[in-house]
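# Results of the structural survey
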Amino acid sequence: MILVLRALGVGDLATAVPALRALRAAAPDSELALVAPRWLGPLVELVGGVDRLVAVSGLGPLPWAGPPPDLAVNLHGRGPRSHRVLAATCPGRLLAFANPDAGHVDGPRWRDDEHEVDRWVRLLAWYGVPADRNDLALRRPAPGPAPTGVTVLHPGTKLTAKRWPAGRYAALARRLTERGHRVVVTGSAEERELAAWVADHGGLAPEAVLAGRTDLGDLAALVAYARLVVSNDTGIAHLATAYGTPSVVLFGPVPPARWGPPADRPRHRVLWAGDRGHPAPDLGRERSSAGDWPGRDGGRTDPVLAAVGLDEVLAAVDEAERAVRISGAVTA
């Protein structure tokens, strides 16, 4: 059996999909167990090919009582801690990046500057397991209780520095509504206050606030049947890529070269000011009458992200939707 470690979040799991599919194809008759948080279960089912979820809440000793796996694969990090977690199961072989501190001198060298998808594809290629870095699609779930055909704004992230200002999300909600979009605001339960602020100052009804009201399966269905997603660099952006839903993703401080959608998919647009300097734009009409959300975490938006203006986002929305129309005309 194959034991794979990927004990992180939505984006981390989504970027590991090509590697997981490659492992499944390389050993179709072996059981494939994935070590990941339990709450990722609905998304693991949409990946396909995973036989068992080994639920963990962090990077610690595994709840592993079975026989040693034939193969353990570290899709979590460079080690040494993650290497040791897998080595403790006494696998027949460990596939991981070289880390002498963990006693693992096999494997390729870690690179800080590569895309997260390419990182794991390269790791497996070094061990002779070919993977397709474009194999990012997830199974499409049945429509759930969430609305379909909506435009999703996702103003939150775990890191405050990666949040585009809430006042601009509110202004974006107003402008998109004027264009005929049916806008909803998503987020975690912890981000519900932020989402409610954006909706209120963006002229949306309270019912448009879906933050804290969707589990991961519902969120995947919402994105799969959405008109558009606009988000910060966070997990929901990877769901949009997986379902081909038009998206605009706002990056900073981490560049899109590390976590962005494939560059050859025009319906997914990225905005990053890191390659042009980052003077703050004139907010002017971008700012709502109430200023900006005061927040509760004391953090500030990274200057690179703050340099992305509202008009840039609206132009990117136009480009993403134009790409959909063009692709539809080509296939018609």
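The following paragraphs examine the structure supplied in this document.

How each quantity is defined
Residues numbered from 1 in each chain as written. Predicted model: local features only at pLDDT ≥ 70, side-chain atom pairs only at ≥ 80, totals over all residues. Heavy atoms only, no water. Salt bridge = Lys/Arg side-chain N within 4 Å of Asp/Glu carboxyl O. Helix = DSSP H or I, 4+ residues; strand = E, 2+ residues; numbered from the N terminus. Buried < 20%, exposed > 50% of the residue type's maximum accessible area, 1.4 Å probe, protein only. Pairing = 2+ DSSP bridges. Axes fitted to C-alpha atoms, helices over the stretch in contact; angles between N-to-C directions.

## Quick notes on the pattern of salt bridges
- What the rule picks out here adds up to 14 salt bridges.
- Across the pair arginine 78 and aspartate 112 runs a salt bridge whose closest N-O atoms are separated by 2.5 Å. Of this pair, arginine 78 sits in the loop between strand E4 (71-74) and helix H4 (81-87) while aspartate 112 sits in the loop between strand E5 (93-95) and helix H5 (116-126), and the two are 34 residues apart along the sequence.
- A relative accessible area of 38% places arginine 78 in the partly exposed class.
- For aspartate 112, a relative accessible area of 48% translates into the label partly exposed.
- For aspartate 318, the salt bridge goes to arginine 179, with nearest N and O atoms at 2.7 Å.

## Notes on the sheet that holds strand E10 (residues 268-271)
- Taken together, the five strands give an open sheet; going across it, the order is E7-E6-E8-E9-E10, and neighbouring strands pair in parallel fashion. Every interior strand has two partners, whereas the edge strands, strand E7 (183-185) and E10, have only one. This sheet shows a mean twist of 15° between the axes of neighbouring strands, independent of strand direction.
- Bridge analysis of strand E6 (residues 151-154) against E7 gives three bridges, and the strand direction is parallel. Within E7, the residue paired with valine 152 across the bridge is valine 184.

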